[in-house]
Amino acid sequence: QVQLIESGGGLVQAGGSLRLSCAASEHTFNNYLMGWFRQAPGKEREFVAVITLGVPNTYYSDSVKGRFTISRDSAKNTVFLQMNSLKPEDTAVYYCAAHVYAGVVYTSAEEYSDWGQGTQVTVSS
């Protein structure tokens, strides 16, 4: 029931940085978690990072740990993904997703049903 819109994608050189935004068109309460996923051509949609809105706690995939940071601006109802030290392997369409949080943190795309339209990130070598 949450409407999400991603923005901030683009073309960047390897080693560069980019910040993605995910704006919720409707209010999200503390009992939600919001995540970032990505999908490259010929690949399955994979988990990148997730944040619990109430606490907040954060979780990352091993491939982005130490390089990406997920955060939330509660007043603007927006989640961000700061991407540093970008690699060509990070090239993908990035999606944000929302899920009701009741004590379980979901890291698989199959568990989410509220999705944004995606934003393209291309990292050149």
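In this text, all values refer to a predicted model and were calculated from it rather than measured experimentally. (Residues numbered from 1 in each chain as written. Predicted model: local features only at pLDDT ≥ 70, side-chain atom pairs only at ≥ 80, totals over all residues. Heavy atoms only, no water.)

> Help me get a handle on the packing of aromatic side chains, residues and values and all.
Given two aromatic rings, their pairing is described by the distance between the two centres and the angle made by the two planes. Taken as a whole and assessed by the stated rule, the structure comprises five aromatic pairs. When the centroid spacing of 5.9 Å and the interplanar angle of 70 degrees are considered together, the rings of Phe37 and Phe47 count as edge-to-face. Note that Phe37 is positioned in strand β4 (residues 32-39) and Phe47 in strand β5 (residues 46-52), a separation of ten residues in sequence. Grouping residues by exposure puts Phe37 and Phe47 together as buried. Here the aromatic residues Phe37, Phe47, Tyr95, Tyr112 and Trp115 are joined through ring pairs into a cluster of three or more. One Lys or Arg, Arg45, reaches over the ring of Tyr95 and ends 3.7 Å from the middle of that ring. The ring of Trp115 carries the charged tip of Arg45 above its face, separated from the ring centre by 4.7 Å. (Phe/Tyr/Trp six-rings, centres within 6.5 Å; stacked < 30°, edge-to-face > 60°. Helix = DSSP H or I, 4+ residues; strand = E, 2+ residues; numbered from the N terminus. Buried < 20%, exposed > 50% of the residue type's maximum accessible area, 1.4 Å probe, protein only. Lys NZ or Arg CZ within 6 Å of the ring centre and 35° of its normal.)

> Before we move on, could you go through the nonpolar core and cite the residues and values that matter?
Core analysis: the largest hydrophobic core is formed by 27 residues, its most contacted members being Trp36, Leu81 and Tyr94. Secondary structure elements with two or more residues in this core: β3 (18-24), β4, β5, β7 (68-73), β8 (78-83), β9 (92-100) and β11 (119-124). In contact with Tyr94, not counting residues within four places along its chain, are Glu6, Leu20, Trp36, Phe37, Arg38, Val48, Phe68, Leu81, Met83, Gly118, Thr119 and Val121. (Core = buried A, V, L, I, M, F, W, Y, C linked by side-chain atoms within 4.5 Å. Contact = heavy atoms within 4.5 Å.)

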